[in-house]
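Report on the structure
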Amino acid sequence: MAGSEWQVHGRRQVYGSPWVELWLDDVDIPGHGRVEHHVVRMPRASTTAVVTDEEGRFLLIFRHRFITGRWGWEDPAGWAEPGEEPAAAVAREVEEETGWRPGAVEPMTGYDAMSGISDARFHAFHVTGCIRIGEPVDVSEADRVEWLPEAEVVGLLVDGRIPDGPSHAALSYYLGPHRLAGKGR
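Below, the structure is looked at part by part. Note that the structure is predicted; figures quoted are calculated from it, not measured.

Some words on the environment of aspartate 25
Counting through the fold element by element, aspartate 25 comes out in strand β2 (residues 21-29). In this structure aspartate 25 comes out as buried when scored by relative accessible area, which is 3%. Once residues within four sequence positions are removed from consideration, aspartate 25 is found in contact with Gly10, Arg11, Val35, Glu36, His37, Val39 and Arg41. Polar side-chain contacts of aspartate 25 include one of 3.1 Å to the side chain of arginine 11.

What follows is the structure, encoded as structure tokens:
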């Protein structure tokens, strides 16, 4: 469709940290004119891992998120360090958050979680062949770390007890399109 692309005339940073930046972009919206549009930029890649074992169980963490005030189940996840590939980052995060060292790390999908206001890009991986190496290194990440059967994970998704967006998206993708493409269990 001709003429529907927004034109950016400039941008200014309002806030910045190693994890998140807030910008105001001067954009021309076709049919509406020029406006200042807020943009949340994420300077690091975000990674999420659907971790499964040979019994078809899923490795999840149970934690509290202070921003939403909710407890819930999540996949291991985290940020890539500067220069770190997302696959290496997710392997490191799985080990730090769960105490299980990944064997294979395979890409599943990538997606823009909030493309209307953010450039946050999530990279979802399927991790298998984990070996227990000890307790989680980062004790602030989880209250519990458990292997849960698939039926229970599906129930948690349906009941809203996996409220974390990246975990919800990755698990739903794994249980749906990933399997339909013949890549899942």
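As for the sheet that holds strand β4 (residues 46-51)
An order of β7-β4-β10-β9 is seen for the four strands of this open sheet, with the pairing classed as mixed. Two strands in the sheet have a free side with no partner beyond their single neighbour: β7 (77-79) and β9 (104-112). With direction set aside, neighbouring strand axes in the sheet form an average angle of 25 degrees. Strands in contact with helix α3 (residues 165-180) are β4, β9 and β10 (121-128); relative to β9, the strand with the most contacts, it is inclined by about 110 degrees.

Things to note about the pattern of salt bridges
A side chain with one charge can pair with a side chain of the opposite charge if their charged atoms come near. A full pass over the atoms with the stated rule returns 19 salt bridges. Two residues, glutamate 141 and arginine 63, come together in a salt bridge whose shortest N-O distance is 2.6 Å. With glutamate 141 in the loop between β11 (131-132) and β12 (144-148) and arginine 63 in strand β5 (residues 58-65), the pair connects residues that are 78 residues apart, well separated along the chain. An identical accessibility class is assigned to glutamate 141 and arginine 63; each is buried. In this structure, glutamate 135 and arginine 132 form a salt bridge, with 3.0 Å as the shortest nitrogen-oxygen distance. Given the relative accessible area of 39%, arginine 132 is considered partly exposed. Salt bridges sharing partners connect three or more residues here, namely Arg11, Asp25, Arg41 and Asp119.

Quick word on the packing of helix α2 (residues 150-159) against α3
It is the contact of α2 with α3, at a shortest axis distance of 11 Å, that shows an interaxial angle of 120 degrees. With respect to α3, the element α2 is oriented oblique. Relative to α3, α2 is oriented so that their crossing is left-handed. Of the residues in α3, those in contact with Glu150, Val153, Val154 and Leu157 of α2 are His168, Leu171, Ser172, Leu175 and Arg179.

Here is what the cut-offs are and how they apply
- Residues numbered from 1 in each chain as written.
- Predicted model: local features only at pLDDT ≥ 70, side-chain atom pairs only at ≥ 80, totals over all residues.
- Heavy atoms only, no water.
- Helix = DSSP H or I, 4+ residues; strand = E, 2+ residues; numbered from the N terminus.
- Buried < 20%, exposed > 50% of the residue type's maximum accessible area, 1.4 Å probe, protein only.
- Contact = heavy atoms within 4.5 Å.
- Polar contact = N/O pair within 3.5 Å; in protein donor to acceptor, adjacent residues only side chain to side chain.
- Pairing = 2+ DSSP bridges.
- Axes fitted to C-alpha atoms, helices over the stretch in contact; angles between N-to-C directions.
- Salt bridge = Lys/Arg side-chain N within 4 Å of Asp/Glu carboxyl O.
- Parallel < 35°, antiparallel > 145°, perpendicular 65-115°, else oblique.
- Left-handed = near helix turned anticlockwise from the far one by under 90°.

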